[in-house]
Amino acid sequence: MATTLTVRTTNRADMGALDILFSLSYPALLKADYPPSALVMALPLIARVQPRLVNSGSYFCVVDGRGQIVGAGGWTWQGPQGGVSPRDMGHIRHVVTDRHLVRKGIGRALMTHIFRHAGASGVRRLDCMSTITAVPFYKAMGFSQIAEVEIQLRPGIGFPAVHMRRTLSEADLPPSNAG
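Just so it is clear, the model here is predicted, and its values are computed rather than measured.

Peer 1: Before we go on, may I ask you to explain the packing of helix α1 (residues 15-30) against helix α2 (residues 36-46) in this structure?
Peer 2: When two helices pack together, their arrangement is given by the angle between their axes and by how far apart the axes lie. Two elements in contact, α1 and α2, have axes whose closest approach is 10 Å; the angle formed by their N-to-C orientations is 150°. Considering their axes alone, α1 and α2 lie roughly antiparallel with respect to each other. Judged by the twist between their axes, the crossing of α1 over α2 is right-handed. Of the residues in α2, those touching α1 at Phe 22, Tyr 26, Pro 27 and Leu 30 are Leu 39, Leu 43 and Ile 46. Its residues assigned to classes, the contact of α1 with α2 comprises seven nonpolar, no polar and no charged.

Peer 1: What is the right way to read the side chain of Arg 93 from this model?
Peer 2: Here Arg 93 is to be found in strand β4 (residues 89-97). Polar contacts involving the side chain of Arg 93 include one to the side chain of Thr 76, which spans 3.0 Å.

Peer 1: What's the story with unusual backbone geometry in this structure? I'm lost.
Peer 2: Glycine aside, a negative phi is what most residues show, and trans is what most peptide bonds show. We note that His 94 has phi near 45°; this positive angle belongs to a residue other than glycine. Along the chain, His 94 falls in strand β4. For His 94, a relative accessible area of 13% corresponds to the buried category. The phi torsion at Arg 103 lies on the positive side, around 65°, for a residue other than glycine. Checked against the element boundaries, Arg 103 lands in the loop between β4 and α4 (106-120).

Peer 1: Would you explain the environment of Met 141 in this entry?
Peer 2: Position of Met 141 among the secondary structure elements: in the loop between α5 (135-140) and β6 (144-154). The spatial distance from the C-alpha of Met 141 to the C-alpha of Arg 108 is 7.4 Å, given a sequence separation of 33 residues. Every residue in contact with Met 141, bar those within four places of it in the chain, is listed here: Arg 108, Met 111, Phe 115 and Arg 166.

Peer 1: Please clarify how α4 should be interpreted in this entry.
Peer 2: Think of an α-helix as 3.6 residues a turn; residues three or four steps apart then line up on the same face. For α4, which comprises 15 residues, the first-to-last C-alpha distance of 21 Å matches the rise-based estimate of 21 Å (1.5 Å per residue) to within 8%. Those residues of α4 not exposed but buried are Ile 106, Gly 107, Leu 110, Met 111, Ile 114, Phe 115, Ala 118 and Gly 119. Trailing α4 by a residue or two, Gly 122 shows a phi angle of about 100°, which is positive.

Peer 1: Honestly, the layout of surface pockets in this entry has me stumped. Any pointers?
Peer 2: Any empty space left between atoms is shown by rolling a water-sized probe over those atoms. Of the voids in this model, the largest pocket is the one considered here, and its volume is about 1300 Å³. Along its surface, the largest pocket is lined by 40 residues, and Tyr 26, Val 95, Thr 131, Ala 134 and Tyr 138 are the ones closest to its centre. Of all elements in the fold, only α1, α2, β4, α4, β5 (125-130), α5, β6 and β7 (157-167) reach the threshold of two or more residues within the lining of the largest pocket. With six residues, β4 is the largest single contributor of residues to the lining of the largest pocket.

Peer 1: Where do I start with the nonpolar core in this structure?
Peer 2: A general tendency of soluble globular proteins is for nonpolar side chains to be buried together. By size, the foremost hydrophobic cluster in this structure holds 24 residues, and its most contacted members are Ile 92, Met 111, Leu 126, Tyr 138 and Phe 143. Setting aside residues up to four positions removed in sequence, Phe 143 forms contacts with Ile 92, Met 111, Phe 115, Leu 126, Cys 128, Tyr 138, Met 164, Arg 165 and Arg 166. In this structure, Leu 39, Leu 53, Val 54 and Val 96 belong to the second largest nonpolar core, which totals 22 residues.

Thresholds, definitions, all that
- Residues numbered from 1 in each chain as written.
- Predicted model: local features only at pLDDT ≥ 70, side-chain atom pairs only at ≥ 80, totals over all residues.
- Heavy atoms only, no water.
- Axes fitted to C-alpha atoms, helices over the stretch in contact; angles between N-to-C directions.
- Helix = DSSP H or I, 4+ residues; strand = E, 2+ residues; numbered from the N terminus.
- Parallel < 35°, antiparallel > 145°, perpendicular 65-115°, else oblique.
- Left-handed = near helix turned anticlockwise from the far one by under 90°.
- Contact = heavy atoms within 4.5 Å.
- Nonpolar A, V, L, I, M, F, W, Y, C, P; charged D, E, K, R; others polar.
- Polar contact = N/O pair within 3.5 Å; in protein donor to acceptor, adjacent residues only side chain to side chain.
- Buried < 20%, exposed > 50% of the residue type's maximum accessible area, 1.4 Å probe, protein only.
- Expected span 1.5 Å × (residues − 1).
- 1 Å grid on protein atoms, 1.4 Å probe; cavity = no way out; pocket = protein on both sides within 12 Å on 5 of 7 lines; lining within 4 Å.
- Points joined across faces, edges and corners; volume = space filled by probe spheres on them.
- Core = buried A, V, L, I, M, F, W, Y, C linked by side-chain atoms within 4.5 Å.

Here it is as structure tokens:
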């Protein structure tokens, strides 16, 4: 990608652009790996912005040189299905890349930023509930597959996913100020 990419924390003003990104990208990117019957039920629930994430301080967007949001994602202490994790574990949350710009470095820039931010917060392990489509990306980012799972989006609405995990290394952490 010839343009400069900037990763920044999201805010309320980004919600409209993020909604458009999710609503256009998820249907196009997931279509090859999920049957229409799964997508018709899941897309109205997953292909939309989550205000709590956008305002969490650990959710980020990738902005291109024109100022357009071309990717988004983040991490939280709490998993997507709720529950409490050990203090050294975080959860990758709601990652998306513009459907026309996959394999252009956007996801890698985003994940590198997430690793550093989470690591600076004390996270040493990151769990991810990946779509089937994104498994190769997460493997390339150092995640290992734990198990195939079904995420309960609402009562009676399950969505096939893959539970993945990555341990952060020293190289993932922000540079030390010790000197």
